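# Report on the structure
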Amino acid sequence: MEVSDIEKVVQTWKEQYIELGSHDFINYVQIFENKGSVMGCSNPHPHGQIWAQSSLPTQVEKTQKNLRSYYEKNKTSLLKDYLEQELKFQERIVAENEHFAVVVPFWATWPYETMIISKRHFGNIIAMTNDETKAYAEMIKTITVKYDNLFETSFPYSAGIHQAPTDRISHPEWHFHMHFYPPLLRSATVKKFMVGYEMLGEAQRDISPEQSAKILRELSTNHYKTK
């Protein structure tokens, strides 16, 4: 997809966040996308879903708790401060433009896990300016093309946006970001599986965040390869 087409998808996400979040019984709108049979998808192409619910999902609740704790202590955004440190050292930065950056977080569990983080502190997708919307679409295209070029295959993943709840409460602690969880490990056919100690104890990293960031950073974004 061209950047202009991805912008239309982002615009739909905005509209759905507003429409679904306007219901007084909807407190969170989870926008996500899956791609590839290895992720259990019957369709090979990326396809999105939006779930709207009254309660906060567990992962979102954990994120909100940490964001709020940091904000109450420092009066700044945790992810903004974190991203500024990543941008300073550049070691785990994959790509960036004026408004967004793609980073391999130091806590990444999946081999080529990334986050798109806004450089400006805002809490939800409807707070984006027109320029930010285009820049966000550019970052989505950049990372997905890099994924495809990594093993020269149509790269599978689950991706989704984390943003402020729609519970009609102010959430200055929230900072817009998007996760990409890709399962491929060493080739187009080798998938990372969570087993044994990883399931029962703690996730193990098959490749360091610095290594995966370097590999992704050096991949082309100029064309699409597929076998």
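Scope of this entry: the structure provided in the associated data block. All values reported here derive from a predicted model rather than from experimental measurement.

Definitions and limits used
Residues numbered from 1 in each chain as written. Predicted model: local features only at pLDDT ≥ 70, side-chain atom pairs only at ≥ 80, totals over all residues. Heavy atoms only, no water. Helix = DSSP H or I, 4+ residues; strand = E, 2+ residues; numbered from the N terminus. Buried < 20%, exposed > 50% of the residue type's maximum accessible area, 1.4 Å probe, protein only. Polar contact = N/O pair within 3.5 Å; in protein donor to acceptor, adjacent residues only side chain to side chain. Arc of directions from axis to C-beta. Contact = heavy atoms within 4.5 Å. Axes fitted to C-alpha atoms, helices over the stretch in contact; angles between N-to-C directions. Parallel < 35°, antiparallel > 145°, perpendicular 65-115°, else oblique. Left-handed = near helix turned anticlockwise from the far one by under 90°. Nonpolar A, V, L, I, M, F, W, Y, C, P; charged D, E, K, R; others polar. Phe/Tyr/Trp six-rings, centres within 6.5 Å; stacked < 30°, edge-to-face > 60°. Lys NZ or Arg CZ within 6 Å of the ring centre and 35° of its normal. Pairing = 2+ DSSP bridges.

### Section: the environment of Glu-96
- Relative to the elements of secondary structure, Glu-96 occurs in strand 3 (residues 93-96).
- Residue Glu-96 is classed as partly exposed on the basis of its relative accessible area of 38%.
- Along the backbone, Glu-96 and Thr-142 are 46 residues apart, and their C-alpha atoms lie at a distance of 9.3 Å.
- A polar contact of 3.3 Å, which involves the side chain of Glu-96, links it to the side chain of Gln-90.
- Side-chain polar atoms of Glu-96 contact the side chain of Lys-119, separated by 2.6 Å.

### Describing helix 6 (residues 209-217)
- Along helix 6, the residues that are buried comprise Pro-209, Ser-212, Ala-213 and Leu-216. End-on view of helix 6: buried residues confined to an arc of 100 degrees, all on one side of the axis.
- Contact partners of the buried residues in helix 6: strand 3, strand 5 (114-118) and helix 4 (130-150).

### Comments concerning the packing of helix 1 (residues 3-21) against helix 4
- Two elements in contact, helix 1 and helix 4, have axes whose closest approach is 9 Å; the angle formed by their N-to-C orientations is 115 degrees. Here helix 4 runs roughly perpendicular to helix 1, going by the angle between their axes. The chirality of how helix 1 crosses helix 4 is right-handed. When helix 1 is examined against helix 4, the residues Val-3, Ile-6, Glu-7, Val-10, Trp-13 and Lys-14 are found in contact with a partner set consisting of Thr-133, Lys-134, Tyr-136, Ala-137, Glu-138, Ile-140 and Lys-141.
- Split by residue class, the contact of helix 1 with helix 4 holds seven nonpolar, one polar and five charged.

### Overview of the packing of aromatic side chains
- For the coordinates displayed, the defined rule picks out 14 aromatic pairs.
- Over the aromatic face of Phe-193 sits the side chain of Lys-191, whose NZ or CZ is 4.5 Å from the ring centroid.

### Focus on the sheet that holds strand 3
- One open sheet accounts for seven strands, arranged 2-1-6-7-5-4-3; its pairing is antiparallel. Whereas interior strands pair on both sides, the edge strands pair on one side only; in this sheet they are strand 2 (47-53) and strand 3. Put simply, the sheet's adjacent strands are angled 20 degrees from each other on average, direction ignored.
- Relative to strand 5, strand 4 (residues 100-103) is paired through four bridges, and the arrangement is antiparallel. Residue pairing across strands places Phe-100 opposite Ser-118, the latter belonging to strand 5.
- Seen against the sheet, helix 1 touches strand 1 (28-35), strand 2, strand 6 (157-162) and strand 7 (177-181) and runs at an angle of roughly 145 degrees to strand 1.

### Description of the pairing of strand 6
- Burial analysis of strand 6 places six of its six residues in the buried class, which makes it a mostly covered element.
- A two-sided burial pattern is seen for strand 6, the buried positions comprising Tyr-157, Ala-159 and Ile-161 on one face and Ser-158, Gly-160 and His-162 on the other.
- Inspection of the sheet shows strand 1 paired to strand 6 by four bridges, in the antiparallel sense. When the bridges of strand 6 are listed, Glu-33 appears paired with Ala-159.

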